[in-house]
Amino acid sequence: MRKTDLFKDQYLEIQDEEGKMILGRIHALESRTNTFLFESKLQKKAVPLSHFLDKLIFVYYTGSDQTKYQFTTNVIDFIEESSMYRLSIPEESAIMKVQNREYVRVNTELECHLFSLIEPSDAKIILTKDISGGGLSYISKVPLVLEEKEWSGVIYLFKGNDQVSIPFQAEVVYCEELELNQYKVALKFSQIKEQHRSSIIKYAMKVEVKQASGRAKV
């Protein structure tokens, strides 16, 4: 058995692109069609089961090595009489670790609006210095007020030609003084939807590949 293999009675979390989630388990594996039946056990939000039909789905589960994995798939069918979904099982190469990948950090400038929880009406518009699935950093001309440890914000991420808004809440990890009266501020995400974290991770990995390709040509 491979560590990423799915098995009967395994618990999963499925989530759509809007963040609506359902918890449940695998009722049966269907090897002939490479699909499985998913039985809902607990809804994190009041979501009708038919809501996920014909939508892109993010699936999260813990493998036999106790590592959290994820993959994307589609709901093929909704069996109303038994309240079950039929979902496709992807190729093993399409199953990705949630852990470790989260810490791929790349230098990139993305527009971000930050709002202090102390003064939420006062927006700070910054460009990121680097970003990962776990947080971001930016360069500031003024030191951060020590009391302002918690922030909410929106990152504007590019997916192809489209700009996507990613809301989050974060805590200040450190504020480091640099040369020329500048400060590096690091924030750690404290609240962010998993599909938004996944979008950041995928973006970071694409940037990393492009940067590595550019270095190889020098």
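Residues numbered from 1 in each chain as written. Predicted model: local features only at pLDDT ≥ 70, side-chain atom pairs only at ≥ 80, totals over all residues. Heavy atoms only, no water.

(A) Fine view of the overall build of the protein. The helix and strand tally for the protein stands at one helix and 14 strands. Buried residues in the protein amount to 44% of all 218 residues. Taking as baseline every contact in the protein between residues at least 6 positions apart, the subset at least 24 positions apart corresponds to 55%. Of the roughly 12400 Å² that the protein leaves accessible, carbon and sulfur atoms contribute 50%. (Helix = DSSP H or I, 4+ residues; strand = E, 2+ residues; numbered from the N terminus. Buried < 20%, exposed > 50% of the residue type's maximum accessible area, 1.4 Å probe, protein only. Contact = heavy atoms within 4.5 Å. Areas by Shrake-Rupley, 256 points an atom, 1.4 Å probe, with all protein chains shown as cover.)

(B) Expanded view of unusual backbone geometry. The phi dihedral of Asp9 is positive, around 75 degrees, even though this residue is not glycine. Note that Asp9 resides in the segment before strand S1 (11-15). Given a relative accessible area of 39%, Asp9 falls into the partly exposed group. Positive phi, normally seen in glycine, also occurs at Asn34, with a value near 55 degrees. The residue Asn34 is located in the loop between strand S2 (21-30) and strand S3 (35-43) in this model.

(C) Summary view of the pattern of salt bridges. Tallying each qualifying case throughout the model produces eight salt bridges. When the shortest N-O distance is used, the salt bridge between Arg86 and Glu30 registers 2.9 Å. A residue pair is termed long-range when its members are at least 10 positions apart, and Arg86 in strand S6 (residues 84-88) and Glu30 in strand S2 qualify at 56 residues. Taking the relative accessible area as the measure of exposure, Arg86 reaches 21% and is therefore partly exposed. Salt-bridge contacts for Lys184 lead to Asp130; the nearest nitrogen and oxygen are separated by 4.0 Å. Separated by 54 residues along the polypeptide, Lys184 in strand S14 (residues 183-191) and Asp130 in strand S10 (residues 123-132) bring together distant segments of the chain. When its relative accessible area of 17% is taken as the criterion, Lys184 is described as buried. Its relative accessible area of 5% is what places Asp130 among the buried residues. Residues joined by salt bridges that share partners form a network here, namely Lys8, Asp9, Arg25 and Glu39. (Salt bridge = Lys/Arg side-chain N within 4 Å of Asp/Glu carboxyl O.)

These values are about where atoms sit, not about what they do.
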